[in-house]
Structures are given as structure tokens and as C-alpha cells.
Amino acid sequence: MTIRVVVADDQELVRSGFALILDVQPDIEVVAEVGDGAQAVDAVRRLAPDVALLDIRMPHLDGIEACRAISAASACRTVMLTTFDSDEYVYEALHAGASGFLLKDVRRDDLVHAVRVVAAGDALLAPSVTRRLVAEYTSRPAAPAPSGRLGVLTARERETLLLLGRGLSNAEIAAELTVSEHTVKTHVGHVLAKLGLRDRIQAVICAYETGLISAGSPS
């Protein structure tokens, strides 16, 4: 199955470079290259791609607002690209619905990998972004008790969310719960569906924001 991609960046050389890297892959097709967020939203609406690569800073409509519009109106998943390693952008982008966040100095193999991972329904962050994201939430005062929002989860699904929040992979969660990876995938799918989450990144955020994990939680 071919992964259809829209690339949005207001710098033509950067945009063309990313498109070239992706378009030569046998399983990836770049269906549009655009120069601003408004054009990106329109391209996603017209072409129904699987993934949109969005620069953070673009004219007319920035990448975060474009991400928010795309996430609200389509199944297209977004990967944010920026030269700015800024916490503010990370949190805004993730809450807007982004499934990936990479710096523009990313290696070409990592860019291709990110598109494939996100298209497959998972999420991906640059390692430095992941560290700061978790550090931000663990540095906040502990919530008094887990939110009632988690009441829809079974006990095992709640355990799964806890382990997701700690950053464990499916294989690590399977070992922790003494179940198969297939069973873990099923639990993760149920957690995302019941809580209305797009992917594992939002599950991590949810685990901290609901108080399931706090600064005092064991790692």
C-alpha cells in the first residue's frame, strides 16, 4: 500500500528536498507540495493523503493551526517539522493533534521512518522532544487523584495506559503484564478508542493530565 503525503513548507528548497527524499521511496508518493498552511489544508481536503508534513512557521496559516484544522476534518496524520527546538511549539503541536514532531536537521532515513510510523497509526517524536515532554509533565504538582475520565477503562486497560505513560513499548508492556504483544495492541487500541485519543503521544499526555501518573510516580 502506497503512503500518500503532502509536504508543506514556505521554503522551496526545503520543501523540494523533503519531497525528493520521500518520493523516491517505493512505498511513498508525494501528492502535493505547498507553501503555506492554508494550501496544506486545501490539499488534504482535495487529495485525502495519509500524512501531511507541516512546517511550524508558514504564512497565511501556520503549521499548528493547519494541523488543528486537518486533525478536526480528516483522518490524515501530521508530522511537524521545524528548525526551532522549542517546548512551546511541541506542546501546541501535540495538543493540535500532531502525531510526530521532528527537527529539520533530521537524517533522511529518520524522516522516511517517521512517515511510515505515523502512517501506520503510531506516533513519533525526536528523542530530545520526548525527554522534555515527559520532564514537563513530571515536574508539575501531582493531581489529587486520577480523573473520572478514566472510569471507562477496565483495570487492565488502565494498567496499559499507565505503562504507555511511562514510555514503554508494546514489547515492554507485554513483558510487564505477562501477555502477548498482540494482546497489548488490543488493549492500546481500546484505550485510544475509549478516551478519544489519536495515538500513543496523546495517551502519554492523558496519563499525566488525568493524574494517573504524577511527579511522585515510580518510573
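In case you missed it, the structure is sitting above this.
Reading guide: rules and limits
Residues numbered from 1 in each chain as written. Predicted model: local features only at pLDDT ≥ 70, side-chain atom pairs only at ≥ 80, totals over all residues. Heavy atoms only, no water. Core = buried A, V, L, I, M, F, W, Y, C linked by side-chain atoms within 4.5 Å. Buried < 20%, exposed > 50% of the residue type's maximum accessible area, 1.4 Å probe, protein only. Helix = DSSP H or I, 4+ residues; strand = E, 2+ residues; numbered from the N terminus. Contact = heavy atoms within 4.5 Å. Polar contact = N/O pair within 3.5 Å; in protein donor to acceptor, adjacent residues only side chain to side chain. Expected span 1.5 Å × (residues − 1). Arc of directions from axis to C-beta. Axes fitted to C-alpha atoms, helices over the stretch in contact; angles between N-to-C directions. Parallel < 35°, antiparallel > 145°, perpendicular 65-115°, else oblique. Nonpolar A, V, L, I, M, F, W, Y, C, P; charged D, E, K, R; others polar.

1. Section: the nonpolar core
Then step 1. One finds L54, M80 and F101 to be the most contacted residues of the largest nonpolar core, which totals 29 residues.
Then step 2. For this core, the elements supplying multiple residues, two or more each, are β1 (3-8), β2 (28-34), α2 (37-47), β3 (51-55), α3 (63-73), α4 (87-96), β5 (100-103) and α10 (200-209).
Then step 3. Counting residues per element, this core draws most heavily on α4, at six residues.
Then step 4. The residues contacting M80, other than those within four sequence positions of it, are L54, I56, G63, I64, C67, A93, A98, G100, F101 and L102.

2. So, unusual backbone geometry
Then step 1. Residue A48 is not a glycine yet carries a positive backbone phi of 50°.
Then step 2. Residue placement: A48 occurs in the loop between α2 and β3.
Then step 3. Here A48 falls in the exposed class, since its relative accessible area comes to 55%.
Then step 4. Even without a glycine there, the phi angle at T178 is positive, about 55°.
Then step 5. Tracing the chain through its elements places T178 in the loop between α8 (170-177) and α9 (181-195).
Then step 6. Given a relative accessible area of 69%, T178 falls into the exposed group.

3. A word on the environment of R45
Then step 1. Its place among the elements puts R45 in helix α2.
Then step 2. Counting along the chain gives 28 residues from R45 to A73, while the straight-line C-alpha distance between them is 8.2 Å.
Then step 3. At 2.4 Å, the side chain of R45 and the side chain of D42 are in polar contact.

4. Overview of helix α5 (residues 108-119)
Along an α-helix, residues three or four positions apart point the same way, because every turn accommodates 3.6 residues.
Then step 1. Look at α5: 17 Å from first C-alpha to last across 12 residues, which is about the 16 Å you get at 1.5 Å a residue.
Then step 2. What α5 keeps buried is the set L111, V112, A114, V115, V117 and V118.

5. Some points on α3
Then step 1. Listing the buried residues of α3 in full gives G63, I64, A66, C67, I70 and S71. The arc enclosing the buried residues of α3, seen along the axis, measures out at 155°, which places them on a common side. Turned more than 90 degrees from where α3 packs its buried face, A72 and A73 sit exposed.
Then step 2. Capping of α3 at its N-terminal end is provided by D62; its side-chain oxygen lies 3.1 Å from the backbone amide nitrogen of I64.

6. A few points about the packing of helix α7 (residues 155-165) against α9
Then step 1. Running from N to C, α7 and α9 cross one another at 95°; their axes reach a closest spacing of 9 Å. Taken together, the axes of α7 and α9 are roughly perpendicular relative to one another. Of α9, the residues touching α7 (which contributes R156, E157, T160, L161 and L164) are H187, V188, H190, V191, K194 and L195.
Then step 2. For the contact of α7 with α9, a count of residues per class yields five nonpolar, three polar and three charged.

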